[in-house]
Amino acid sequence: MSAQPLHFVSPAQFRGRVSEALADDGLRDNFRSAMHFLRDKRASQFPDPVETEALRDLGEAVRKHALAHLPALLEKLEANLQARGVEVHWADTPDEACAIIHRIATEAGARRVIKGKSMVSEEVELNHYLEARGVECLESDMGEYIVQLAGERPSHIVMPAIHKTKQDIARLFEQKIPGVGYTEDVDALIHTGRQVLRERFMQADIGISGVNFAIAETGTLWLVENEGNGRLSTTVPDIHIAMMGIEKVVDTLEHALPLASLLPRSATGQAATTYFNLISGPRRPGDQDGPRRMHLVLLDNGRSQAYADAQLRATLQCIRCGACMNHCPVYARVGGHAYGTTYPGPIGQILSPHLLGLEASRDLPTASSLCGACAEVCPVRIPIPSLLMRLRTEANRAPGAAVAQPLAGQGASFSLGQKLVWRFWSGIYASPGRYRLLRWAATRLRRLAPRSQMGWTQHRTPLVPAARSLHDLMKARARGRPGV
Amino acid sequence: MHAVRPPRPDQVYLFGTCLIDLFVPEAGLDAVRLLEREGLTVHYPPAQSCCGQPAFTSGNPDEARRVAAAQIALFDQPWPIVVPSGSCAGMMRHHWPTLFDDDPALQARARDVAGRVHELAGFLVEVLAVDYSAAGGEPVTVGLHTSCSARREMGTRVHGVQLLSALPGVTLDTHASESECCGFGGVFSLKHADISGAIVRDKVASLSAVCDRFVTADCGCMLNITHAAEHQGRPLRGEHIATFLRRRLEGAA
Amino acid sequence: MSARDRILARLRAAEPGAPVAPPDVAGYYAQRPRPTPAERLNQLCVRLRASRVDVKLAGPHDWAPVAAGALQQRGVRRLALGTCARAATLAAALPDTVDTVCFDGAIEGWKRELFETVDAGFTPASAGIAATGALLLNHGGALPRTLSLVPPVSLVCIDARDLYDDLHHAASAQRWADDMPTNRVLVSSPSRTADIQQTLAYGAHGPRELIVLVITDGETA
């Protein structure tokens, strides 16, 4: 396949894309109904609140424990993987990660790469990098395949093509796959994808996958999937390259078990996915199949910035289930592409500032009503609203202000005008005398309330203060005139 | 399952909140009436203003701290502090103590105050165990909107349901996506007006499908939903739960 | 400095944060309700069937003919199997219409043949997980991974004595962490996807059908 043009989108253009998304009624309906479907599916997997909360406590404890020992666990993972014949690579930046993989491909003379689902590979724009250097890179997860065929990017971390209807996909297949006619029959569409990709699995030189949990103690990569493309990608090609963020490691196999229960139940409302694929190294003497060589690429890309701060570190507890986006009122309205980031929705809003810097992502932390639905369903209890508020604070902080752990892009939203407005505001509300003056003015001059009140009146009638404030009413009562 | 009921006080503070103070003062007054009906003396410190939430949630903790510190000084008697708003109660209960990590003395006072903060509906049910079986009025169907903070930080949706269900002649109708946010989010409604507008449009639609009057314990949500409905020309109107309860107790429709 | 050293140095320089107690995973699982063996078997069957698995119960002497019948019914003409005792028993029970193939040597020698000519693969499972309805396949050595993956029909047998309540029960009883084969797979259904408009479709990339033979010692659920 020829290189598909990728849409390089900037998170800085968030607002414009939001307007487009909100104007697209069809898209909004797709997302809303898909989100309700996924919410109901998840709820059906957690019928017992006591068990649910106990398991979430445990999931959180596992992730916090792993993060507390992160550097030691990464070294342990590396040593145990190496003992099993896996080559371990470390990448600071997306470019380094891509270059490592390109080097492996070049040394092996590989031309064809087949990919299982990996959000980290999306994060580093691997397909684009390899295609530009003459290495064909084909997505094999059905959703990812559809999105790649359309020249788009995933709009959801678990369901990449959730923004598309079956009609969209029927048209896409008809246009892009030779010899395929238009059909809205989902089984037939899936069968088409299967036929195209099976041949590619057989021919591929390299299989690339993500990692759901890496187990330090045993040197094991745990992959979770339904389709079998992950198993094919990690089994059939001669070389398997796994990619993961440095936060994905846990200490022991036992520690991974509660996460393996929480992940599918939270993500797709399944008790377990079709396959849990636990890989502990390449083909050994006596094995008949499996890749002959295996690599793991560990990516930082800003994660160590989140790690440096004791509060923001909770961002890295994430197991990428997507439940936060499924339950988010904002995500359900604007869809995944509007965010312009690899990871959309609430988790993307707290993770992207570390990956991209606050400058490029400054509108993301504010795009939340802080309703808390995300934190309520998060299987590892990431306090997403608190982290959003913290990022807002860092974005508002003066760019030069000295802090212990400055974030990249600190002060991206700083404006002297805004700062003065808040100073003024707090000056009024912290002073009974000034606040009395405000009340007096607001109630006596209520008829002068502006008809246009910033964003409020775009969708609402104007607010008009009451004729007498509660303070006035209470004072009158105290004077013995309770009838007012 | 409820813990042992806290001792019934005979004096309480009312923290009226800035939105009620300027935009829905009768809700504050009705909260006072409901508390007095139970034989309590209600103290309203006149120097009170705002819990500081707008600054806090928009990432301006210094300004939130300044405003919160001014409030904390007003509640020196050991009386409960009743707040007719779930989100302000949540701010005071859960976030005030975190504002003063660098000031142990003020933090200790903030903790003491935070521990005495109650959301109104929760207070009526849990502490006062009110009996509203003698309320009257025309049969009416209402919807209930619980703010996200009330629901998730204060756990008081159940109290709203309990209070409304106990009223003779009142039918409570649940609407689709009841647990979903109304899109207010304070400064969010100004900063991301389009997204907020899309969310509230759906909330107005789902409430309108079951009722044309809804009750809520949060003025932020109430103003958001009511003014959005008015903007769309829909008849949906909201009422603060304190006002609705007071009217039913007086036998009004 | 290498990327490795830079990353580790940054992580080691981070704020310490609050102390973290090790998670009590065993304690959590110990509090879960414990089903009886009959309930366990029933739970496994119900879960698997809900995921469109054809589950058959049979005794130690008739499981192979039952399995053979299931293959024949699906028109399977070529079955790939390994060299274990179960495979030999199954092979002996197959009708003339079903050919068997036991691949020799590394996959490079038989990859195309497997993809293009084999209708079904047979894999004995080492454990069954009742809570989620899943079967453990320990690949490696004489049991290639691809037999349960590439052919359109996957046939798996499991001894009812090897059923466990949940993953934790199985992993601790069988001491998984002590000896990890190259590839352990837990399988709970035929390959599936809901990537097109949340509509569930089977046979995405792996087997379209999964047949599970539970070998009981005469007692059925």
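Residues numbered from 1 in each chain as written. Chains lettered and ligands numbered in written order. Predicted model: local features only at pLDDT ≥ 70, side-chain atom pairs only at ≥ 80, totals over all residues. Heavy atoms only, no water.

Caption draft 1: Focus on the overall build of chain C. Looking only at helices and strands, chain C has seven helices and twelve strands in total. Overall, the C-alpha framework of chain C stretches about 70 × 45 × 40 Å when taken along its three principal axes. Taking all 221 residues of chain C together, the buried fraction comes to 52%. Counting contacts in chain C only where the partners sit at least 6 residues apart, residues at least 24 apart contribute 70% of the total. Of the roughly 9,100 Å² that chain C leaves accessible, carbon and sulfur atoms contribute 50%. Averaging the locations of the 23 positively and 23 negatively charged side chains of chain C gives two centres separated by 6 Å. (Helix = DSSP H or I, 4+ residues; strand = E, 2+ residues; numbered from the N terminus. Buried < 20%, exposed > 50% of the residue type's maximum accessible area, 1.4 Å probe, protein only. Contact = heavy atoms within 4.5 Å. Areas by Shrake-Rupley, 256 points an atom, 1.4 Å probe, with all protein chains shown as cover. Lys, Arg positive; Asp, Glu negative; His and termini not counted. Charge placed at Lys NZ, Arg CZ, Asp CG, Glu CD.)

Caption draft 2: Here's a closer look at the overall build of chain A. Summing up its helical and strand segments, chain A has 23 helices and ten strands in all. A compact globule built from 484 residues would reach a C-alpha radius of gyration of about 23 Å, and chain A, at 26 Å, matches this within 12%. Sequence separation of at least 24 residues holds for 72% of the intrachain contacts in chain A that already meet a minimum separation of 6. For chain A, the accessible surface area stands at approximately 16,300 Å², while carbon and sulfur atoms represent 54% of it. Chain A carries 57 positive and 49 negative side-chain charges, and their two centres are separated by 13 Å. (Rg over C-alpha atoms; globule rule 2.2 N^0.38 Å.)

Caption draft 3: View of the interface of chain A and chain C. The interface of chain A with chain C comprises 100 residues on the first partner and 79 residues on the second. Together chain A and chain C conceal approximately 7,400 Å² of surface at their shared face, both sides included; 56% is due to carbon and sulfur atoms. Sorting the residues of chain A by area buried against chain C places Arg194(A), Met202(A) and Gln288(A) first, and these three jointly supply 11% of that buried surface. For Arg10(C), the salt bridge identified is with Asp300(A), shortest N-O distance 2.7 Å. (Buried area = accessible area lost by both parts, 1.4 Å probe. Salt bridge = Lys/Arg side-chain N within 4 Å of Asp/Glu carboxyl O.)

Caption draft 4: Spotlight on helix α1 (residues 3-12) of chain C. Taken together, the buried positions of α1(C) are occupied by Ala3(C), Ile7(C), Leu8(C) and Leu11(C). Projected down its long axis, α1(C) carries its buried residues within an arc of 125 degrees, all on one side. Considering only its buried residues, α1(C) is in contact with α4 (70-83), β1 (86-91), α5 (94-108) and α13 (303-308) of chain A. (Arc of directions from axis to C-beta.)

Caption draft 5: View of the confidence of the model for chain A. In the predicted model, chain A carries a mean pLDDT of 95, and 97% of its residues have values of at least 70. Contacts from residues 1-7 of chain A, a stretch scored under 50 in pLDDT, to residues over four places away or in other chains number 20 contacts. (pLDDT = per-residue confidence, 0-100.)

Caption draft 6: Expanded view of the nonpolar core. In this structure, Trp222(A) and Leu296(A) are the most contacted members of the largest nonpolar core, which totals 174 residues. For this core, the element with the highest residue contribution is helix α12 (residues 253-267) of chain A, accounting for eight residues. Apart from the residues lying within four places of it in its own chain, the contact partners of Trp222(A) are Val211(A), Asn212(A), Phe213(A), Ile215(A), Leu253(A), Ala256(A), Leu257(A), Ala260(A), Phe276(A), Asn277(A), Leu278(A) and Leu167(C). Listed in part, the 57 residues of the second largest apolar core include Val82(B), Val125(B), Leu163(B) and Val200(B). (Core = buried A, V, L, I, M, F, W, Y, C linked by side-chain atoms within 4.5 Å.)

Caption draft 7: Fine view of the side chain of Ser149(B). All names here are of chain B. Positionally, Ser149 belongs in helix α8 (residues 148-152). Here Ser149 falls in the buried class, since its relative accessible area comes to 16%. Leaving out residues up to four positions away in the same chain, Ser149 has contacts with Gly86, Ser87 and Met154.

Caption draft 8: Fine view of the sheet that holds strand β1 (residues 11-14) of chain B. All names here are of chain B. Spatially, four strands are ordered β2-β1-β3-β4 in an open sheet, and the strand pairing comes out parallel. Across the chains shown, the open sheet's two edge strands, defined by having one partner strand only, are β2 (41-43) and β4 (117-119). Looking at each pair of strands side by side, their axes are set apart by 35 degrees on average, direction ignored. Sheet topology note: the β1/β2 ladder contains three bridges and is parallel. If you follow Val12 over to β2, its bridge partner there is Val42. Here helix α5 (residues 86-99) sits on the sheet in contact with β3 (81-83) and β4, set at roughly 160 degrees to β4. Those strands touched by helix α7 (residues 120-127) are β1, β3 and β4, and its axis lies near 95 degrees from that of β4. (Pairing = 2+ DSSP bridges. Axes fitted to C-alpha atoms, helices over the stretch in contact; angles between N-to-C directions.)

Caption draft 9: Main features of the pairing of β1(B). With two bridges joining them, β1(B) and β3(B) adopt parallel strand pairing. Looking at the pairing, Tyr13(B) lines up with Ile81(B) of β3(B).

Caption draft 10: View of the sheet that holds strand β5 (residues 127-129) of chain C. The strand order β8(A)-β5(A)-β6(A)-β9(A)-β9(C)-β6(C)-β5(C)-β8(C) describes an open sheet built from eight strands, whose pairing is mixed. Each edge of the open sheet carries a strand with a single partner, namely β8 (249-250) of chain A together with β8 (163-164) of chain C. The pairing of strand β9 (residues 275-279) of chain A with strand β9 (residues 183-187) of chain C spans five bridges and is classified as antiparallel. The residue of β9(C) that forms the bridge with Tyr275(A) is Val187(C).

Caption draft 11: Main features of the packing of aromatic side chains. Residue and element names in this part refer to chain A. Summed over the entire model, instances satisfying the criterion amount to 16 aromatic pairs over all chains. Taking 5.0 Å as the distance between ring centres and 40 degrees as the angle between the ring planes, the aromatic pair formed by Tyr429 and Tyr435 counts as tilted. With a relative accessible area of 1%, Tyr435 lands in the buried category. Every member of this aromatic cluster is reached through a ring pair, and the members are Phe14, Phe31, Tyr331 and Tyr339. Sitting over the ring of Tyr307, Arg313 keeps its end group 4.3 Å from the ring centre. The lysine or arginine in question, Arg460, covers the ring of Trp456, its NZ or CZ lying 4.6 Å from the ring centre. (Phe/Tyr/Trp six-rings, centres within 6.5 Å; stacked < 30°, edge-to-face > 60°. Lys NZ or Arg CZ within 6 Å of the ring centre and 35° of its normal.)

Caption draft 12: How the structure looks around the interface of chain A and chain B. Facing 65 residues of chain A, the contacting portion of chain B comprises 63 residues. Buried area between chain A and chain B, summed over both chains or domains, comes out near 5,500 Å², and the portion from carbon and sulfur atoms is 61%. Note that Glu180(B) is salt-bridged to Arg32(A), the shortest N-O span being 3.1 Å. For the pair chain A and chain B, the interface holds 33 residue pairs in polar contact (both at pLDDT 80 or more). (Polar contact = N/O pair within 3.5 Å; in protein donor to acceptor, adjacent residues only side chain to side chain.)

Caption draft 13: Expanded view of helix α16 (residues 345-356) of chain A. Residues and elements named next belong to chain A. Taking 1.5 Å per residue as the helical rise, α16 with its twelve residues ought to reach 16 Å, and the 15 Å between its terminal C-alpha atoms agrees with that figure. Three or more residues of α16 are buried, namely Gly345, Pro346, Ile347, Gly348, Gln349, Ile350, Leu351, Ser352, Pro353, His354 and Leu355. Once α16 finishes, Gly357 follows within two positions and takes phi at roughly 90 degrees, a positive value. (Expected span 1.5 Å × (residues − 1).)

Caption draft 14: Examining the pattern of salt bridges more closely. One pass over the structure, following the stated rule, counts 68 salt bridges over all chains. Between Arg32(C) and Glu51(A) there is a salt bridge whose closest N-O contact spans 3.8 Å. Residue Arg32(C) is found in the loop between α2 (25-30) and α3 (37-50), and its partner Glu51(A) is found in helix α3 (residues 49-68); the two belong to separate chains. Among the salt bridges present, the one from Glu247(A) reaches Arg320(A), with a minimum N-O distance of 3.1 Å. With Glu247(A) in the loop between β7 (239-245) and β8 and Arg320(A) in the loop between α13 and α14 (323-326), this residue pair connects regions lying 73 residues apart in the sequence. As far as burial versus exposure is concerned, Glu247(A) and Arg320(A) are alike and both buried. Linked by salt bridges that have partners in common, Arg28(A), Arg32(A), Arg39(A), Arg333(A), Glu180(B) and Asp202(B) make up one network.

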